[in-house]
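Structural features, examined
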Amino acid sequence: MEHHHLPEKPNEQVILELITYNREKYDMFTSSDVDVLLKNLSEERINWINLDGLNVSPIIEKIQAHFCLHSLMVEDILNDQRPKTEEFEDYLFVTLKMLYRIEGAEIDYEQISFVLGSNFLLSFQEKEGDLFNAFRERIRLDQGRVRKKKADYLLYRLIDIIVDNYYNVLDNIGEQIEETEECIRTDTSMETFKKIQQMKKELIYLHKALYPLRDAIGKLVKDESSFIQEENVRYFSDVYDHTIHLIDSLETYRDLTSSLMDIYINTQNTRLNEVIRLLTIISTIFIPLTFIVGVYGMNFKHNFPEIESEYGYPIVWMVMIAIAGSMIAFFRHKKWI
Amino acid sequence: MEHHHLPEKPNEQVILELITYNREKYDMFTSSDVDVLLKNLSEERINWINLDGLNVSPIIEKIQAHFCLHSLMVEDILNDQRPKTEEFEDYLFVTLKMLYRIEGAEIDYEQISFVLGSNFLLSFQEKEGDLFNAFRERIRLDQGRVRKKKADYLLYRLIDIIVDNYYNVLDNIGEQIEETEECIRTDTSMETFKKIQQMKKELIYLHKALYPLRDAIGKLVKDESSFIQEENVRYFSDVYDHTIHLIDSLETYRDLTSSLMDIYINTQNTRLNEVIRLLTIISTIFIPLTFIVGVYGMNFKHNFPEIESEYGYPIVWMVMIAIAGSMIAFFRHKKWI
Amino acid sequence: MEHHHLPEKPNEQVILELITYNREKYDMFTSSDVDVLLKNLSEERINWINLDGLNVSPIIEKIQAHFCLHSLMVEDILNDQRPKTEEFEDYLFVTLKMLYRIEGAEIDYEQISFVLGSNFLLSFQEKEGDLFNAFRERIRLDQGRVRKKKADYLLYRLIDIIVDNYYNVLDNIGEQIEETEECIRTDTSMETFKKIQQMKKELIYLHKALYPLRDAIGKLVKDESSFIQEENVRYFSDVYDHTIHLIDSLETYRDLTSSLMDIYINTQNTRLNEVIRLLTIISTIFIPLTFIVGVYGMNFKHNFPEIESEYGYPIVWMVMIAIAGSMIAFFRHKKWI
Amino acid sequence: MEHHHLPEKPNEQVILELITYNREKYDMFTSSDVDVLLKNLSEERINWINLDGLNVSPIIEKIQAHFCLHSLMVEDILNDQRPKTEEFEDYLFVTLKMLYRIEGAEIDYEQISFVLGSNFLLSFQEKEGDLFNAFRERIRLDQGRVRKKKADYLLYRLIDIIVDNYYNVLDNIGEQIEETEECIRTDTSMETFKKIQQMKKELIYLHKALYPLRDAIGKLVKDESSFIQEENVRYFSDVYDHTIHLIDSLETYRDLTSSLMDIYINTQNTRLNEVIRLLTIISTIFIPLTFIVGVYGMNFKHNFPEIESEYGYPIVWMVMIAIAGSMIAFFRHKKWI
Amino acid sequence: MEHHHLPEKPNEQVILELITYNREKYDMFTSSDVDVLLKNLSEERINWINLDGLNVSPIIEKIQAHFCLHSLMVEDILNDQRPKTEEFEDYLFVTLKMLYRIEGAEIDYEQISFVLGSNFLLSFQEKEGDLFNAFRERIRLDQGRVRKKKADYLLYRLIDIIVDNYYNVLDNIGEQIEETEECIRTDTSMETFKKIQQMKKELIYLHKALYPLRDAIGKLVKDESSFIQEENVRYFSDVYDHTIHLIDSLETYRDLTSSLMDIYINTQNTRLNEVIRLLTIISTIFIPLTFIVGVYGMNFKHNFPEIESEYGYPIVWMVMIAIAGSMIAFFRHKKWI
């Protein structure tokens with residue numbers, strides 16, 4: 001089982017955070033000592049423990065012990081995993097990919113896993129930094145519904161934020177496609193080609209992340225898990241619709257990108273044809289003429305009447321002009337020039 | 001959830017309209033004040049409220065409050081959504097894309113959402129103008145069945161009108177394909193290529209709109225919703241058949257468009273081959289001849305018998321004609337000319 | 001609903017025909033007055049009313065009234081429809097495409113709709129002429145089982161005849177593919193290409209007709225409709241197997257056609273390569289030689305020893321022959337000639 | 001129903017054969033008179049009637065009458081059919097394609113149909129000769145389990161022999177693919193291309209035979225037919241697994257063949273590039289040089305200092321060598337030579 | 001049934017090994033005599049018999065007899081088989097492909113079959129050497145859970161090790177893809193192409209192994225076999241998730257490889273265009289100039305004023321420079337140079 005580990009980041013520090021809240025109260029604890037946090041868990045509140053960084057095994061072991069987490073699930077949290085949902089006796093397990101995009105750079109994927117219990121939610125992230133800061137603030141200020149709801153609604157909100165960010169990334173690719181489409185007919189440099197290939201590659205990776213994401217959330221909706229209250233299923237169902245919408249967009253963008261490739265290749269071919277046409281026109285006009293002038297450059301001493309004739313030179317010019325003219329007329333007729 | 005908003009149109013005015021009718025009576029109210037309209041709702045009639053423009057939130061909030069609309073659903077109405085059907089406790093929700101095509105221009109997509117209750121139908125459109133004017137007149141004049149039926153039949157008629165317009169758009173593409181096919185072998189300009197690409201792109205977007213449309217209407221038919229009377233299911237089923245027929249046509253057009261691309265590329269290649277063949281023929285005939293005349297243009301002073309010979313010049317001509325002739329015979333044999 | 005009408009044929013006449021039969025008796029009436037025919041319907045016989053031409057609405061309205069046909073179904077009969085089967089309370093509705101192929105011409109599609117009641121069968125055709133004449137004769141002469149069976153067997157026989165004609169059309173395409181395959185390597189004219197494209201197009205349209213046909217007949221078999229007696233289900237099941245067989249053949253032909261395209265393109269490329277190779281060989285041999293003879297055509301007056309030398313001319317010839325010879329050896333080595 | 005007949009072979013003789021056996025006894029009768037055979041049927045033994053040649057209708061009619069075969073089934077036996085399984089009241093009907101391959105030739109398909117009753121098995125083959133001779137000998141010598149089992153086991157054995165022969169044919173194609181792959185980079189002749197196309201075509205036809213074969217045998221396994229004893233289902237299930245394995249191999253070979261096509265095309269392109277590169281190199285070096293020597297071949301009488309100069313000729317040579325040298329250096333840099 | 005045998009390795013020796021263990025005890029026996037091993041089987045322990053080499057039939061017959069193995073299953077063990085799971089009355093049968101990859105070489109596939117009984121596990125391998133040595137050591141040292149669990153857990157661990165090795169192989173291909181992507185734009189040699197083709201081929205074979213593997217393990221999970229304890233199903237379910245993850249990666253790599261092909265082809269085309277552009281530029285500039293100098297190389301004796309004129313020569317130079325200059329300007333404008 002020691003294979004496909006997530007990439008190691010030995011020097012990164014682990015960040016541990018506990019948010020406990022109910023309608024009346026809200027507290028947040030940050031500590032590098034997991035025991036301190038576990039002491040602050042509160043039975044009558046929702047407890048959200050977030051862990052950034054997965055390479056400090058003692059912490060994870062303590063959490064595992066405290067919440068009786070199944071060893072297979074912990075392995076799934078620590079290793080690169082296909083997005084999935086799995087129900088255990090005492091909790092529900094969801095693992096997803098969270099996307100980041102720093103403007104212009106490649107998309108960055110981070111695995112995030114959730115364990116939802118009756119009154120707690122654990123979230124495990126590979127590295128520091130996430131998309132939830134604005135939402136943490138909303139909890140603190142008691143905005144929206146979250147303080148009035150249970151832990152399953154908290155899970156819904158976090159997944160919703162993650163899925164919403166997929167929209168940003170996809171929209172960004174959509175804009176790139178439009179930009180490229182505008183410039184592709186004038187600019188057939190290698191750069192354009194690289195850009196299209198880069199988009200294609202990103203869509204391939206998004207495809208790999210999105211389809212299992214849809215399945216994982218779909219399972220949440222259809223399995224009628226006891227950890228999700230019936231009144232909240234509609235929220236997960238809404239996220240599920242979003243993932244299907246995302247997949248539709250993804251497939252549309254794949255089609256559009258492959259259209260872009262067609263345009264690129266066609267533009268390149270058209271240019272090549274143009275080049276070859278020019279070569280042919282010039283060659284076809286001048287090669288016969290060069291032959292003619294070659295003829296009268298010969299040094300035969302006898303029986304070479306044209307050379308001696310009075311109007312040989314102007315006649316040759318007229319013949320050559322006639323040949324060139326009819327060639328040009330022929331090319332005009334063929335619409336080559 | 002603030003992500004994929006529909007495009008903002010800040011200056012557009014909101015248009016509110018209420019049509020209430022039953023077998024005996026018909027009234028229509030237009031107002032920018034939603035309270036006025038809500039007062040005119042009539043329990044024993046069918047009430048159709050239509051809203052054009054989604055950017056004035058107080059109006060939408062009032063409608064939401066009056067009809068107790070679920071907040072997730074209102075978000076779906078306001079944001080770009082995949083066509084879908086969802087049943088709530090007190091109403092049925094349907095959201096679709098309505099197509100417009102101004103001759104020659106790209107297809108324009110507008111999201112339209114319906115909320116069907118026991119005796120009311122709400123319709124939310126992004127912008128002013130729709131496909132329903134002729135139908136409104138039919139209601140007023142009591143033509144057809146609509147005044148004798150409930151709100152679900154009204155919903156059917158509106159969806160049917162929207163789906164019918166998909167036929168217009170697809171037929172239009174079908175005609176374009178036929179036109180292009182006729183001219184493609186004579187005109188391989190970049191214009192033709194752009195036209196094919198444009199069609200391909202439109203079919204990609206139609207694909208994105210049509211498949212979920214089919215699913216949404218299929219769900220209406222299969223779910224046996226209590227908001228649709230059993231006697232009217234057959235009507236929705238008929239619209240469902242139309243969406244499948246549309247998808248068949250769409251796929252046929254996709255195949256035909258890709259055939260067009262094949263023809264385009266083949267025509268281009270054939271032309272390129274022709275050009276290169278001409279270049280080869282001219283070069284192959286004249287390059288050897290030019291070499292020969294070059295030989296007798298050399299200035300060697302000794303041992304250059306041809307130059308001195310009596311019939312050198314005419315013999316060279318005969319040799320050259322023989323070479324050119326056999327070349328031409330060879331090309332004839334190869335069917336190049 | 002006024003959209004996708006079948007093409008109008010205003011001048012065509014409507015042909016009405018009634019065949020009534022049982023084991024003992026057989027009668028046929030032809031009339032342009034529908035009332036006359038309806039009077040001749042016989043309760044204890046099978047009544048087959050056939051209508052060619054759909055543009056005379058009074059006739060259709062009378063039939064609709066007499067048999068209480070649903071308005072949606074009549075619309076489906078009159079408009080271009082996806083092949084489908086629908087069961088109503090008092091009858092079963094089947095609509096299909098009937099194929100015609102006049103030798104060498106494109107395939108012609110005609111919509112035919114059937115309404116099967118307890119003791120009657122209505123058939124609606126777009127235009128005059130069908131595939132049933134030989135079968136009508138068999139009924140009259142009491143050949144085969146049809147006079148001993150009910151109206152559902154009559155429907156089976158008609159559908160079977162229609163489906164059998166699909167075989168003819170597909171077999172014809174199969175023969176064309178074989179013919180083309182034989183001549184494709186010698187004849188790469190534009191004509192061959194057009195022929196392949198034409199086949200591809202016909203297969204696209206057949207695809208559009210065949211898949212829904214299979215679904216429609218499959219529904220007949222699986223729905224256990226009360227209008228089809230259990231002992232006759234096996235017959236429809238046999239037709240259903242035929243449609244699947246047809247689809248297999250269709251897909252095989254699509255694969256073969258795309259193979260043909262590959263062969264065509266490859267042959268074209270091979271020819272282009274040949275042309276370019278010839279150009280290269282001729283140019284590569286003669287361009288250097290032309291340079292050499294050019295050198296000795298220069299008019300330098302001093303220090304130009306070769307010109308003056310005794311054996312300059314023959315030596316130059318030997319050098320040139322050596323160059324040409326080694327070039328040819330090189331091409332031989334490369335297997336270009 | 002008179003359409004897709006199997007190809008007629010009017011002169012071929014019909015061969016009729018009856019093998020009856022049980023644990024103790026074994027008899028074989030060959031006769032051209034069906035009545036003789038039918039008399040030898042034995043109630044307490046397994047009776048296997050094999051018929052080679054389907055064009056003598058009296059024989060088939062007698063068999064049909066004796067075993068009460070359904071007319072639709074007899075039509076299926078006589079006409080080209082999609083492999084399928086159908087259960088009738090008194091027997092089970094299976095029709096398949098049997099493959100032959102004479103080394104180097106195209107694959108030959110023969111339709112074979114089985115009718116399995118409680119104590120008899122009928123087999124109908126299109127033409128003389130089959131794969132069962134070794135197996136007939138095994139029955140006679142009482143090798144293996146067949147004499148201890150019922151007619152369903154006999155059917156299993158025959159189908160198993162047929163399916164096993166698919167392996168031979170597919171393995172043969174696999175070997176061809178490997179052979180072609182080895183020689184494809186050195187030999188890009190039209191022959192190689194034809195070979196690949198031939199393999200592709202054979203795989204298309206195998207595809208058409210294999211998928212319905214899998215469905216037919218799968219139906220045997222899943223339908224729990226009363227004609228197959230429960231203890232023998234596992235045998236049919238084993239054949240079913242073989243058909244799925246065959247399909248896997250088929251798809252693998254299709255992928256490999258299309259890879260071969262890619263390699264072929266790439267090799268061709270690489271060669272074309274090489275040719276064009278040679279042309280470009282020779283032309284680019286010599287065309288400018290030819291121009292230079294042309295300059296000094298001009299006959300201007302005044303102001304033409306180079307001609308008169310002492311070292312004109314050697315300087316021109318040096319210039320030309322410099323140009324040619326830098327061209328070659330440029331090509332080296334570009335890695336063209 | 002004698003067809004698709006696994007490749008014969010007549011000289012390879014058979015290796016027989018028995019490991020018996022429970023919580024308290026552990027014993028291992030190696031022998032070439034199967035009877036010795038069978039005597040050491042222990043009722044109250046888990047017995048794992050491993051056989052390397054399948055070509056010594058007496059051994060297999062003895063094992064078959066001792067464990068009452070079904071003859072069809074033994075055939076499946078001995079012949080090349082699609083990965084599958086089959087439940088028999090007294091044991092569960094699983095057959096898979098085990099992958100080896102020696103660095104740089106092609107992937108090697110070995111068939112491994114398992115027979116799981118109530119307290120025994122048989123494993124049959126084609127040849128010596130497997131992936132289990134480290135695991136055998138873990139059993140001996142009583143590390144992990146295996147000594148505390150039943151034979152089904154042992155089966156899980158072995159399958160898990162095999163599936164884990166698929167990750168290694170796939171990751172290796174992933175790295176190769178990245179490497180190739182980096183060098184593909186600078187190095188378009190045939191080598192790169194061969195590398196891409198090799199990867200494609202490996203992915204085709206992996207595809208053939210992985211999809212049935214997923215089905216086989218999925219059947220283990222879903223069939224609720226009595227040979228797998230309920231508490232252990234989750235383990236097999238985890239392996240099942242891994243196979244799905246592997247398939248996702250495989251499809252991603254297939255997409256990436258085909259992207260690589262696109263890049264390769266595009267780079268080749270870009271290079272060809274460059275070559276042809278150079279040819280055209282050189283030809284277009286010098287061919288007209290060569291014609292001009294040819295004109296003044298003619299030997300006309302009368303009416304050839306330029307030759308006689310004072311400044312003919314320098315004027316011709318100026319004309320030629322003007323022509324060349326405007327050509328170059330034209331190419332600059334076209335962005336060809």
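Values in this document were obtained by computation on a predicted structure and should not be read as measured data. Numbers given for residues are sequential positions, taken from 1 along each chain in its written order. Whichever chain is written first is A, and whichever ligand is written first is 1; the rest continue in order. Totals for whole chains, interfaces and linings use every residue, but because this is a predicted model, local features are given only for residues with pLDDT of at least 70 and side-chain atom pairs only at 80 or more, for both listing and counting. Derived side-chain values reflect all non-hydrogen atoms in the structure, with water molecules and hydrogen atoms excluded from consideration.

Residues and elements named next belong to chain A. Residues qualify for a patch when their relative accessible area is over 30% and they have no salt bridge, like charges being joined within 9 Å and the nonpolar side chains of Val, Leu, Ile, Met, Phe, Trp and Tyr within 5 Å. Each accessible area is a Shrake-Rupley estimate made with a 1.4 Å probe; only the visible protein chains count as cover when residues are assessed. Every case where a carboxyl oxygen of Asp or Glu lies within 4 Å of a side-chain nitrogen of Lys or Arg is listed as a salt bridge. A surface patch of nonpolar side chains, about 410 Å² in accessible area, is lined by Y311, I315, M318 and V319. Under the scheme used here, helices are H or I runs from DSSP no shorter than 4 residues and strands are E runs no shorter than 2 residues, and both carry numbers assigned from the N terminus. Counting through the fold element by element, Y311 comes out in the loop between α8 (305–308) and α9 (312–333). With a 1.4 Å probe rolled over the protein chains alone, any residue whose accessible area is under 20% of its type maximum counts as buried; one over 50% counts as exposed, and the rest are partly exposed. Overall, the relative accessible area of 51% leaves Y311 in the exposed class.

This part is about the relation of the copies chain B and chain C. Taken as rigid bodies, chain B and chain C are interconverted by a rotation of 72° and an axial shift of 0.0 Å, the fit giving an RMSD of 0.0 Å. Such a turn and shift between the copies fits a five-fold axis. Minimal C-alpha separation from the rotation axis in chain B is found for B:G297, amounting to 4.6 Å. Only heavy atoms matter for contacts: two residues are in contact if any of them lie within 4.5 Å across the pair. When the interface residues of chain B are mapped onto chain C, a mere 16% of them again fall at the interface, so the copies present different faces. What sets the superposition is a least-squares fit of C-alpha atoms, and only residues with pLDDT of at least 70 in both copies go into it.

Attention shifts here to the side chain of D:T95. All names here are of chain D. Along the polypeptide, T95 turns up in strand β5 (residues 92–101). Polar contacts here mean pairs of N or O atoms no more than 3.5 Å apart (in protein, one a potential hydrogen donor and the other a potential acceptor; neighbouring residues in sequence count only if both atoms are side-chain atoms). Polar contacts involving the side chain of T95 include one to the side chain of S113, which spans 3.2 Å. If we ignore the near neighbours within four places in the chain, the residues touching T95 are Q81, R82, P83, K84, Q111, I112 and S113.

With that out of the way, let us pick up a negative patch on the surface. Residue and element names in this part refer to chain A. The charge count treats Lys and Arg as positive and Asp and Glu as negative. His and the chain ends do not count. By convention, the point assigned to a charge is CZ for Arg, NZ for Lys, CD for Glu and CG for Asp. A contiguous patch of negative charge, built from D171, E175, E178, E179 and E182, is present on the exposed surface. When you line up the elements, E182 lands in helix α5 (residues 151–183). On the basis of relative accessible area, E182 is assigned to the exposed category, the value being 69%.

So, on to the UniProt feature "transmembrane region" (unreviewed entry) in chain A. Residue and element names in this part refer to chain A. UniProt positions are given in the numbering used here, feature names are shortened, and annotations may be inferred rather than shown by experiment. Taking the UniProt record as the reference, the feature "transmembrane region" (unreviewed entry) is found at residues 278–299 and 311–331. Measuring from the first to the last C-alpha atom of residues 278–299 gives 34 Å, for a span that is 82% helix and 0% strand. The distance from the first to the last C-alpha atom of residues 311–331 is 30 Å, and the span holds 95% helix and 0% strand.

This paragraph deals with unusual backbone geometry. For A:K335, which is not glycine, the phi dihedral falls at a positive 60°. The topology assignment puts A:K335 in the segment after α9. The backbone phi angle of D:C68 is positive, close to 55°, even though this residue is not glycine. Relative to the helices and strands, D:C68 is located in the loop between α2 (57–67) and α3 (71–78).

Within a pair of aromatic rings, the relevant descriptors are the distance that separates the centres and the angle that separates the planes. Aromatic pairs are defined between Phe, Tyr and Trp rings, using the six-membered ring for Trp, whenever the two ring centres lie within 6.5 Å; interplanar angles under 30 degrees are classed as stacked, those over 60 as edge-to-face, and all others as tilted. For the structure on display, the rule yields 73 aromatic pairs over all chains. Ring geometry for C:F193 against C:Y264: centres 5.3 Å apart, planes inclined by 40°, an arrangement best described as tilted. With C:F193 in helix α6 (residues 190–222) and C:Y264 in helix α7 (residues 230–295), this pair connects stretches of sequence that are 71 residues apart. A residue is classified by how much of its surface remains accessible, and C:Y264, at 1% relative accessible area, is buried. Site record: aromatic cluster; members linked through ring pairs are A:Y153, A:Y156, A:Y235 and A:F236. One Lys or Arg, A:R234, reaches over the ring of B:F88 and ends 3.9 Å from the middle of that ring. Working rule: Lys NZ or Arg CZ, within 6 Å of ring centre, within 35 degrees of ring normal, means a charge sits over the ring.

In this section: helix α4 (residues 133–140) of chain A. Residues and elements named next belong to chain A. Among the residues making up α4, those that are buried are F135, R136 and I139. Angularly, the buried residues of α4 cover 105° about the axis, an arc narrow enough to put them on a single face. Projecting away from the buried face of α4 at angles above 90 degrees are the exposed residues N133 and A134. Lining the buried residues of α4 we find β1 (15–21), β2 (26–31), β3 (46–52) and α5. Of the residues trailing α4, D142 is marked for its positive phi of about 55°. The arc under discussion is defined with respect to the helix axis, by the directions toward the C-beta atoms.

Listed as interface residues are 57 residues of chain E and, on the opposing side, 57 residues of chain A. Summed over both partners, the interface of chain E with chain A buries about 5,100 Å², with 61% contributed by carbon and sulfur atoms. Where chain E touches chain A, the interface holds 8 salt bridges. Here E:K334 makes a salt bridge to A:E274, at a shortest N to O gap of 2.7 Å. One can count 16 residue pairs in polar contact (both at pLDDT 80 or more) joining chain E with chain A. For the side of chain E that touches chain A, the elements supplying multiple residues, two or more each, are α5 (151–183), α7 (230–295), α8 (305–308) and α9 (312–333) of chain E. Sort the elements by how many residues they give to the side of chain E that touches chain A and α7(E) lands first, with 33 residues. Throughout, buried area stands for the accessible area (probe radius 1.4 Å) lost by two parts on being put together, summed over both.

On to the interface of chain B and chain C. Listed per partner, the contact involves 57 residues of chain B and 57 residues of chain C. Roughly 5,100 Å² is buried in total at the junction of chain B and chain C, and carbon and sulfur atoms are behind 61% of that figure. Of all residues in chain B, B:R234, B:F291 and B:F300 bury the most surface against chain C, accounting for 15% of the area lost on that side. Linking chain B with chain C are 8 salt bridges. C:K201 is paired through a salt bridge with B:E181; the nearest N and O atoms lie 3.2 Å apart. Remark: the boundary between chain B and chain C carries 16 residue pairs in polar contact (both at pLDDT 80 or more). Listing elements by their share of the side of chain B that touches chain C, those giving two or more residues are α5 (151–183), α7 (230–295), α8 (305–308) and α9 (312–333) of chain B.

This part is about the sheet that holds strand β7 (residues 120–125) of chain A. Residues and elements named next belong to chain A. Strand order in the open sheet formed by 7 strands is β2-β1-β3-β7-β6-β5-β4, and the pairing between neighbours is mixed. Every other strand in the sheet has two partners, leaving β2 and β4 (84–87) as the edge strands with one partner each. In this sheet, neighbouring strand axes are inclined to one another by 15° on average, regardless of whether the strands run parallel or antiparallel. Two strands pair if DSSP finds at least two bridges between them. Direction of pairing for strand β6 (residues 107–116) relative to β7: antiparallel, over a ladder of 5 bridges. Pairing of V115 across the sheet is with L122, part of β7. Angles here are taken between N-to-C directions and fall from 0 to 180 degrees, while the axes themselves are lines fitted to C-alpha atoms, restricted in helices to the stretch in contact.

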